Amino acid sequence: MTASSAGCRASLLWIALMATLPPGSIQGKNERQILEKVMKDYNTLERPVANESHPIVVKFGLTLQQILDVDEKNQLLISNTWLNLEWDDYNLQWDPEEFGGVNNLHIHPKYLWKPDVLMYNSADDKFDGTYPTNVVVQHNGSCLYVPPGIFKSTCKIDITWFPFDEQKCTMKFGSWTYDGWQLDLVMSGEEGDTSSFIPNGEWDLLGLPGKRNVIVYECCPTPYVDITFTIQIRRRTLYYFSTLIIPCVLISSMALLGFTLPPDSGEKLTLEVTILLSLTFFLNITTEMMPETSEAVPLIGTYFNCIMFMVASSVVLTVVVLNYHHRTADTHRMPQWISTLFLNWLPWFLRMSRPGRKITLKTIMMNNKMKELELKERSSKSLLANVLDMDDDFRGGLAPSGYAGGLEYTPASGCVGTHRELQALLRELRFITARIRKDDEIRDIISDWKFAAMVVDRFCLIVFTLFTLVATIAILLTAPHILVA
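Conventions used here
Residues numbered from 1 in each chain as written. Predicted model: local features only at pLDDT ≥ 70, side-chain atom pairs only at ≥ 80, totals over all residues. Heavy atoms only, no water. Disulfide = S-S within 2.5 Å. Buried < 20%, exposed > 50% of the residue type's maximum accessible area, 1.4 Å probe, protein only. Helix = DSSP H or I, 4+ residues; strand = E, 2+ residues; numbered from the N terminus. Arc of directions from axis to C-beta. Contact = heavy atoms within 4.5 Å. Patch = residues over 30% accessible without salt bridge, like charges linked within 9 Å, V, L, I, M, F, W, Y side chains within 5 Å. Areas by Shrake-Rupley, 256 points an atom, 1.4 Å probe, with all protein chains shown as cover. Salt bridge = Lys/Arg side-chain N within 4 Å of Asp/Glu carboxyl O. Polar contact = N/O pair within 3.5 Å; in protein donor to acceptor, adjacent residues only side chain to side chain.

A closer look at the state of the cysteines
Note: disulfide means a covalent bond formed between the sulfur atoms of two cysteine side chains. Scanning the model with the defined rule gives 1 disulfide in all. The structure places no disulfide on Cys 306, whose sulfur is separated from the nearest cysteine sulfur, that of Cys 248, by 9.8 Å. Relative accessible area serves as the criterion here: at 28%, Cys 306 is assigned to the partly exposed category.

Structure, rendered in structure tokens:
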């Protein structure tokens, strides 16, 4: 080999070295000389340690910029995050005084060895969502690599307290190929950096603690190191409070107003069914936002189920009220237990009264015999009493005709025509009196059924109002936090 061929080969090596410089970078004379020195025999596959038996120490940190989305349906967290990796490269060292005081260089990561740190629980299509930025190399071999990225990580969503929930989403980072004896990950701080965090409209950031874990698997005796950061977030409930809770409370209050609607209006049952369909629609909207899981029922779902049960019960009781209201004496007779419960005890308990009939404890305790005596005393002053008196007077005017086989009466002479007229008049009066009495009984029976329906309405109004208030207050007090704007 001649000297000219050796010089030619050296020139080709120089050209190849210059071709490996980062494209588009403008290096000064000193920086070029540094690159010629440190990159001459540099190998990106070599783990940069002075002793291969020692691990290379990598400081790892996390800077959370923004929470882009929390996908409850697919249980994913999408965030804008910067990674912070620092390590010492044994092969990248120079004396600044020899190169015009240049202390650092910016080199593309594909020309350097860098730790293969990845997020284990990544759900991204490319798995690694970082952007390869330049590595800042100091003269003493210290390397700083801060790649930004959009990270899509898996996150187990706990929907127990939705929409008053707090979530803890983890981001687990570690070396993909190096064990703990080759690459040792250490935390640069106890928590991630949130100083430049951009607030999210739906979630509040509570903290970003980190933890270093060393795991020894059964298959391998070497330890594996990972660093797990936990993003602690709390949902802002103002949106859900105004779009789900308040409409549900208003709709349930409309169901309560249905018990004050008169049965003769014809819209009582229609109102209750419409309210039930509205609550079903709201429940379907909530279901679409929730992950498909059977582990827990969300708090808002429990509240909706309670209100829906109340409205469904109101539909059933509205049918009962309408049935009671439209019953007649020709089709139904009121049983004794219904009369006792809905005409006496419940009205007295609810402080209800009927026109002309004040319900007191004394009237409730009256037995049927006293009621019959009352009816007899009331009927003694009726028209029938006068008719019976007239009949007695008429019978007194008859003359006895004999005593064979008992006492018989025969009409006196000249009174035969008058007797027949009085008998006909008496039959007519008895018929009219019976019709009047029957009409009064029918009206009383219809009035009793209508009053029973009114009592059921009033009882349901009070019970369901208390149920709605207790359910709403219980749900709000059970929640970890009520209202966060």
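Right, picking up where we left off after that structure.
Quick notes on helix α2 (residues 29-38)
Within α2 the residues assigned to the buried category are Ile 34, Leu 35 and Val 38. Viewed end-on, α2 has its buried residues packed into an arc of 100°, placing them on one side of the element. For α2, the secondary structure elements touched by its buried residues are β3 (104-107).

A word on a nonpolar patch on the surface
A grouping of Leu 269, Val 273, Leu 277 and Val 319 is seen on the molecular surface, where their side chains present a nonpolar patch of about 310 Å² in accessible area. Its location among the elements puts Val 319 in helix α5 (residues 299-325).

Examining the pattern of salt bridges
Counted under the stated rule, the structure contains 6 salt bridges. Taken together, the shared-partner salt bridges connect Glu 72, Asp 165, Glu 202 and Arg 235 into one network.

Focus on the side chain of Thr 63
With respect to the secondary-structure elements, Thr 63 resides in strand β1 (residues 56-71). We classify Thr 63 as buried; its relative accessible area is 6%. Among the polar contacts made by the side chain of Thr 63, one reaches the side chain of Asn 84 at a distance of 3.0 Å. Apart from residues lying up to four places away in sequence, Thr 63 is in contact with Asn 80, Thr 81, Trp 82, Asn 84, Asp 193 and Ser 196.

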